[in-house]
Amino acid sequence: MQKQLLLLLFCCLIGIKKAGAQSNTSASNGTNNLASFDMHLPVAIFARSHFAGAGLNYSWSHHRFGNNVSPSKFLGFILNAGANYYFAKKISSAGYDFRYGGYFYPYIMPGIIVNPSATGNITLNTGPAMEIYKGNSNFGFGVNLFGSYFLTENISFGPGITYKKHEETDALWALAFRISYSF
């Protein structure tokens, strides 16, 4: 059963590649740089202490961004750096008000990028993330998965999900929406 699922997944990936592929002679070179603004919605345990987040980031990948892009290779390398800030909630416990602290997350993450169509891409980045909470910092691990659809030659939008894990803390999950500009 597992071999059949892997074979099906492999065939789907090849089909996606063939559907969005063009010959290299007519391939449109995309841009290398992407600047993005993210809006985050913490979920699960993270939503108990924080209600929203925002982030800025920069991505670099060789000719992978833009509308009507058809790279010569299916998979590409991407480097993503940025920072997210999560706004804290104020709760009432046993008759006393308590405010959690805001989380600040700078990160640098290498990863992979796939252009399944000429107007979109999917990125998966993973790497070190630093948590800064109430003046204390802690290094951990983060994962970002985002999809983008280009509306124009340079402007894209899409959904994402982020995961961060640090020592002695629960996993922090957030749903995201990204607006980007390629140049």
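The model shown is predicted, which means the values in this text are computed figures rather than measured ones. (Residues numbered from 1 in each chain as written. Predicted model: local features only at pLDDT ≥ 70, side-chain atom pairs only at ≥ 80, totals over all residues. Heavy atoms only, no water.)

## Thoughts on the side chain of serine 180
Step number 1: Structurally, serine 180 is set in strand β10 (residues 172-182).
Step number 2: Assessed through its relative accessible area of 4%, serine 180 is described here as buried.
Step number 3: A distance of 2.6 Å separates a polar atom in the side chain of serine 180 from a polar atom in the side chain of serine 36.
Step number 4: Not counting residues within four places of it along the chain, the set of residues in contact with serine 180 comprises Leu34, Ala35, Ser36, Asn154, Ile155 and Ser156. (Helix = DSSP H or I, 4+ residues; strand = E, 2+ residues; numbered from the N terminus. Buried < 20%, exposed > 50% of the residue type's maximum accessible area, 1.4 Å probe, protein only. Polar contact = N/O pair within 3.5 Å; in protein donor to acceptor, adjacent residues only side chain to side chain. Contact = heavy atoms within 4.5 Å.)

## Overview of the layout of surface pockets
Step number 1: If you add up the space inside the second largest pocket, you get close to 190 Å³.
Step number 2: Lining the second largest pocket are Ile45, Phe46, Ser49, His50, Tyr100, Tyr103, Glu131, Tyr133, Asn138, Thr169, Asp170 and Leu172.
Step number 3: Listing elements by their share of the lining of the second largest pocket, those giving two or more residues are α2 (46-49) and β7 (120-133).
Step number 4: The residue makeup of the lining of the second largest pocket, split by class, is 6 nonpolar, 4 polar and 2 charged. (1 Å grid on protein atoms, 1.4 Å probe; cavity = no way out; pocket = protein on both sides within 12 Å on 5 of 7 lines; lining within 4 Å. Points joined across faces, edges and corners; volume = space filled by probe spheres on them. Nonpolar A, V, L, I, M, F, W, Y, C, P; charged D, E, K, R; others polar.)

## Regarding empty space enclosed by the protein
Step number 1: In total, this model carries 2 cavities of 30 Å³ or more according to the counting rule given.
Step number 2: For the second largest cavity, the calculated volume is near 60 Å³.
Step number 3: Around the second largest cavity sit Leu34, Ser59, Phe65, Ile78, Asn80, Asn121, Thr123, Asn125, Phe146, Ser148 and Arg178, which together line it.
Step number 4: At the level of elements, β2 (50-65), β3 (75-88), β7 and β8 (136-150) are the ones that each hand at least two residues to the lining of the second largest cavity.
Step number 5: At 3 residues, β7 tops the list of elements feeding residues into the lining of the second largest cavity.
Step number 6: Grouping the amino acids of the lining of the second largest cavity by side-chain chemistry returns 4 nonpolar, 6 polar and 1 charged.

## Structural notes on the nonpolar core
Step number 1: Residues Phe46, Tyr86, Tyr103, Tyr105, Leu172 and Ala174 constitute the largest nonpolar core, which totals 6 residues.
Step number 2: For this core, the secondary-structure elements that each account for two or more residues are β6 (103-117) and β10.
Step number 3: Apart from residues lying up to four places away in sequence, alanine 174 is in contact with His40, Leu41, Pro42, Val43, Tyr86, Gly160, Ile161 and Thr162.
Step number 4: Counting residues in each nonpolar core, the second largest holds 5 residues, with Leu34, Phe65, Ile113 and Phe150 among its members. (Core = buried A, V, L, I, M, F, W, Y, C linked by side-chain atoms within 4.5 Å.)

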